[in-house]
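Commentary on secondary and tertiary structure
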Amino acid sequence: MARLIRFKTARDFFNHNLAHMQEHYYVYLSVLRYIDILEQKQAVVHNAFNIVGEGSTDIIGFHVTGNYFVFGQGWNAEMLELLANEVDFTQYRSGYSFLGQRELVLALFNRSNSNWRVFKDRLVYQCLEAVQADTKPKVDIERPSLKDMPALAKLKSAYDLEEYPTRPAKSIEEFYEAAYHGIESGNLIVAKKKDKIFSMLQVIHYGDYNRPIIGSLYTVPVGRNKGYASFLVSTVTKALLKGGYEMCGLLSDSANPASNKLFLRVGYTPIYRWIHVVMD
């Protein structure tokens, strides 16, 4: 028989689920970040609960300002019914986000009469041991300098447009600022040939966790299918793991077969199906 465990405070919720979330760090990264966000009083928790079924089945719900996170490790019709009773779709306006385990979020929305759209459908990857890329193109893997800032700002703009085509465009000043911070922090890494950047990525760290995530991977169109991106990802991942990080992670668009083949080739393993649904 399924039962609902509702938590009075965010602290109670995290105390109950923290060990599980840390064990599956890249799955729950977006929720773990709320530990600091809530301490800084930048969001409010509206609901937090677990739905426990037989065996290892479990649903985790976390409703905070602007976002509703729903995770599952297996569930049945009774558990789904309890979840649906916790989610009152009539109170959510256009633009409200639901995020989490793909099949569970879709099952929840299929029970509603709401209008919604898929914003992002992703695969979550992690890597414990990097594999050398199949090819070693003649490019240098390095940290860019301030002289590369104009080129990086353009690459970041192109990445943003390709990754988030429906999102309002940022100003070029914002991309310059992002490039500057990436250079200054040392977290931006590029594949460069004759002073031209063909591919870039950013190593992102959250809190004190020893588990970086690879983000903002972008290769200029003329540089694609030449091994630049796979060489960049494998080189950076190997360096991070050799440098003492216990694992690396990344998120990939599930509808991009080229990228997903790339990540598999260099040692990343898909561990979760993630979806971001937006109310219309």
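What comes next concerns the included structure. Values in this document were obtained by computation on a predicted structure and should not be read as measured data. (Residues numbered from 1 in each chain as written. Predicted model: local features only at pLDDT ≥ 70, side-chain atom pairs only at ≥ 80, totals over all residues. Heavy atoms only, no water.)

**Details of the overall build of the protein chain**
Keep this limit in mind: A run of DSSP states H or I qualifies as a helix once it reaches four residues; a run of E qualifies as a strand once it reaches two. Both are numbered from the N-terminal end. Should any heavy atoms of two residues lie within 4.5 Å, those residues are considered in contact. Per-residue and other accessible areas follow the Shrake-Rupley method at a 1.4 Å probe size, with only the shown protein chains counted as cover for residues. We treat Lys and Arg as the positive residues and Asp and Glu as the negative residues; His and chain ends play no part in the count. Lys charges are placed at NZ, Arg charges at CZ, Asp charges at CG and Glu charges at CD.
Tallying secondary structure elements over the protein chain gives nine helices and 12 strands in all. On the principal axes, the C-alpha backbone points of the protein chain span a range of 65 × 40 × 35 Å. Considering only contacts in the protein chain between residues 6 or more positions apart, those separated by 24 or more positions represent 70%. As presented, the protein chain carries roughly 14600 Å² of accessible surface, and 50% of it is formed by carbon and sulfur atoms. Each charge class in the protein chain was averaged separately, 32 positive and 29 negative side chains, and the resulting centres sit 7 Å apart.

**A closer look at the sheet that holds strand β6 (residues 116-127)**
Strand pairing in a sheet is mediated by backbone hydrogen bonds. Such pairs are either parallel or antiparallel. As a reminder of what qualifies: Think of it this way: DSSP has to see at least two bridges between two strands before they count as a pair. For helices, the fitted line uses only the C-alpha atoms of the stretch in contact; every axis is such a line through C-alpha atoms, and the angle between N-to-C directions lies from 0 to 180 degrees.
If you walk across this open sheet you meet the 12 strands as β1-β2-β3-β4-β5-β12-β6-β11-β10-β9-β8-β7, and the pairing is mixed. Of all strands in the sheet, those with a lone pairing partner are β1 (3-6) and β7 (140-142), marking the two edges. In this sheet, adjacent strand axes meet at a mean angle of 20 degrees when their direction is disregarded. In this sheet, strand β3 (residues 58-64) lies alongside strand β2 (residues 45-52) in antiparallel orientation, the contact comprising seven bridges.

**Description of the pattern of salt bridges**
For side chains bearing opposite charge, pairing can occur when the charged atoms are close. To keep things clear, this is the line we draw: The rule for a salt bridge is simple: a side-chain nitrogen of Lys or Arg has to be within 4 Å of a carboxyl oxygen of Asp or Glu. Buried, partly exposed and exposed residues are distinguished by accessible area as a fraction of the type maximum, computed with a 1.4 Å probe on protein chains only: under 20%, between the cut-offs, and over 50%, respectively.
Tallying each qualifying case throughout the model produces 13 salt bridges. Residues E86 and R6 are paired through a salt bridge, measuring 2.5 Å at the closest nitrogen-oxygen approach. Taken as a pair, E86 in helix α4 (residues 77-86) and R6 in strand β1 lie far apart in primary sequence, 80 residues in all. Overall, the relative accessible area of 16% leaves E86 in the buried class. The exposure class of R6 is partly exposed, given its relative accessible area of 47%. Salt bridges linked by common partners bring R102, E103, D121 and R273 together as one network.

**As for a positive patch on the surface**
Using the following cut-off: To count toward a patch, a residue needs a relative accessible area above 30% and no salt bridge. Like charges then connect within 9 Å, nonpolar side chains (Val, Leu, Ile, Met, Phe, Trp, Tyr) within 5 Å.
The grouping of K138, K193, K194, K196 and K226 at the surface amounts to a positive patch. Assignment of secondary structure puts K226 in the loop between β10 (213-219) and α8 (228-242).

**As for the nonpolar core**
Put simply, the test is: Joining through side-chain atoms within 4.5 Å is the link that ties buried Ala, Val, Leu, Ile, Met, Phe, Trp, Tyr and Cys residues into a set, and such a set is a nonpolar core.
L152, M200, L201, I214, V236 and Y268 are the most contacted members of the largest nonpolar core, which has 38 residues in total. Among the elements that make up this core, the one with the highest residue count is α8 (eight residues). Excluding its chain neighbours within four sequence positions, the residues that come into contact with Y268 are Y125, Q126, C127, I214, V233, T237, C248, G249, L250 and F263.

**A few points about the pairing of β6**
Pairing analysis gives 10 bridges linking β6 to strand β12 (residues 269-279), with the strands arranged antiparallel. Considered in β12, the bridge of W116 is made with M279. When β6 meets strand β11 (residues 248-253), the two strands line up antiparallel, connected through six bridges. Paired with Q126 across the bridge in β11 is G249.

**Some words on the packing of aromatic side chains**
The line we're drawing: Under the pairing criterion, centres of Phe, Tyr and Trp rings, with the six-membered ring standing for Trp, must be within 6.5 Å; the plane angle then separates stacked pairs below 30 degrees from edge-to-face pairs above 60, leaving the rest tilted.
Within this structure, the stated rule accounts for 26 aromatic pairs. Measuring from centroid to centroid gives 4.8 Å for F13 and F62, while their planes differ by 15 degrees, and the two rings are stacked. You can see F13 sitting in helix α1 (residues 10-23) and its partner F62 sitting in strand β3, a full 49 residues away along the chain. Its relative accessible area of 0% is what places F13 among the buried residues.

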